Amino acid sequence: PERAEGLCLCNLRSTMTTRLRLILAFAAAASPAPCHAFVHSPPFNPNSQRQRPSSTLFSTAEESSSAASAAPPPQSQSQSPQEHDADVAADDAPTSDEIFDATATLSNFDSSQQAFVASDGSRGMGGGTSALSYLQTLAPSDRDSMRRAVSILVNRAASERADDSSRGRIMMGFCAENAPEALGGLKTWVSSLGLPRGMLHGMDVDGVPLDPVELGSVYVKFSTGGAMSFAEMRKSGLGFDALWRPGDALLEPYDGDFRGVYLNVELGDGVFRQFGVLPTDLFMEEEEW
């Protein structure tokens, strides 16, 4: 009897071990790759050799890091990103004429900035220093027009995401002198535009927080996300890039000279809309900046 009981226990352990291995294998196969594999490289910095640190979450007011305090607070747990976009879309749905005018406003800004950079001798890597000088010449009325144009396009994108989470994607890239400056800009843009808030990656190494001062110049990538499932991913045609979660952001070192924000708005009309660099402090009050 004792031998029979021992054999039964061995068989039970073997069965449980096999099932556990199957569960772990299934979980590993179903898990998406890290989000940094789905994003684009910083503008004018395609050959950077510096490594991205591991990811961390800055989503609570108790976070001790000064960089963490500049990150946007988490979105309410009671509201999904889709519900959030639906609320924004219901508040203000831009007309086709408004979309056209907003696109023209930001395109004209891009053209004026490029002309200024050329006339200024294209100072800095890729003309980045000259581009910053141009931003410092903008009149308050110019900044008001830019804010309205950005808000119109972002609201239209929210309306499209409310109907289909794989559409209406907003991507932003913040080129900044340091991490607090980049995260301060990220916080005000996200909050002012009513964009979804996700996780911030790249502020630690193996769970140990990095000193923002030691990071130097940084580039922060933000995306409202694309498809939320593998079925939607295949439908979108974007590959694994579509699995970027709503509101996720990634901070990484940046060795370029541009300072400001790149904005990419994907709308259903198929028009390519990428603008920048726009002012990092576009949605900040003077006393904040």
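Quick note: structure is the one above.
Just so it is clear, the model here is predicted, and its values are computed rather than measured. Residue numbering note: each chain is counted from 1, following its sequence as written. Per-residue local features are limited, in this predicted model, to residues with pLDDT of at least 70; the limit for side-chain atom pairs, both in listing and counting, is 80 or more; totals at the level of whole chains, interfaces and linings are taken over all residues. Derived side-chain values reflect all non-hydrogen atoms in the structure, with water molecules and hydrogen atoms excluded from consideration.

**Brief notes about unusual backbone geometry**
No. 1: In this model, glycine 276 is joined to valine 277 through a cis peptide bond whose omega is 15°.
No. 2: The backbone of serine 122 sits at a positive phi, close to 50°, despite the residue not being glycine.
No. 3: Take serine 122: it is sitting in the loop between helix H4 (96–119) and helix H5 (128–135). Going along the chain from the N terminus, every DSSP run of H or I of four or more residues is numbered as a helix, and every run of E of two or more is numbered as a strand.

**Digging into the sheet that holds strand E5 (residues 218–223)**
No. 1: At least two bridges found by DSSP between two strands are what make those strands a pair. Across the sheet, 6 strands lie side by side as E2-E6-E5-E1-E7-E8; this open sheet has mixed pairing. The sheet is open, and its two borders are formed by strand E2 (200–201) and strand E8 (274–278), each paired with just one other strand.
No. 2: Pairing geometry for strand E1 (residues 170–176) and E5, over 6 bridges, is antiparallel. Paired with alanine 176 across the two strands is valine 218, which belongs to E5.

**Quick word on H4**
No. 1: Multiply 1.5 Å by the residue count of a helix minus one, and that product is the helix's expected span. With 24 residues, H4 should reach 34 Å at 1.5 Å per residue; the first-to-last C-alpha distance of 35 Å fits that figure.
No. 2: For every residue, the accessible area (1.4 Å probe, protein chains only) is compared with the maximum for its type, and the residue is labelled buried under 20%, exposed over 50%, or partly exposed between those bounds. Buried within H4 are the following residues: Ile99, Ala102, Thr103, Leu106, Phe109, Asp110, Gln113 and Val117.
No. 3: Two residues or fewer past H4, glycine 121 is found with a positive phi of approximately 85°.

**Section: the packing of aromatic side chains**
No. 1: Geometry of aromatic contacts follows a simple scheme: Phe, Tyr and Trp rings, the Trp one being its six-membered ring, pair when their centres are within 6.5 Å, and the pair is stacked under 30 degrees between planes, edge-to-face over 60, tilted otherwise. Within this structure, the stated rule accounts for 6 aromatic pairs.
No. 2: With centroids separated by 5.7 Å and ring planes inclined at 45°, the aromatic side chains of phenylalanine 109 and tyrosine 134 adopt a geometry described as tilted. On the criterion of sequence distance, the pair formed by phenylalanine 109 in helix H4 and tyrosine 134 in helix H5 is long-range, its members being 25 residues apart. Residue phenylalanine 109 shares its accessibility class with tyrosine 134, and that shared class is buried.
No. 3: When the ring of phenylalanine 258 is compared with that of tyrosine 262, the centres are 6.3 Å apart and the planes differ by 55°; the resulting orientation is tilted.
No. 4: For phenylalanine 258, a relative accessible area of 6% translates into the label buried.
No. 5: A relative accessible area of 10% places tyrosine 262 in the buried class.
No. 6: Put simply, the rings of Phe109, Phe116 and Tyr134 touch in pairs and so form one group of aromatic residues.

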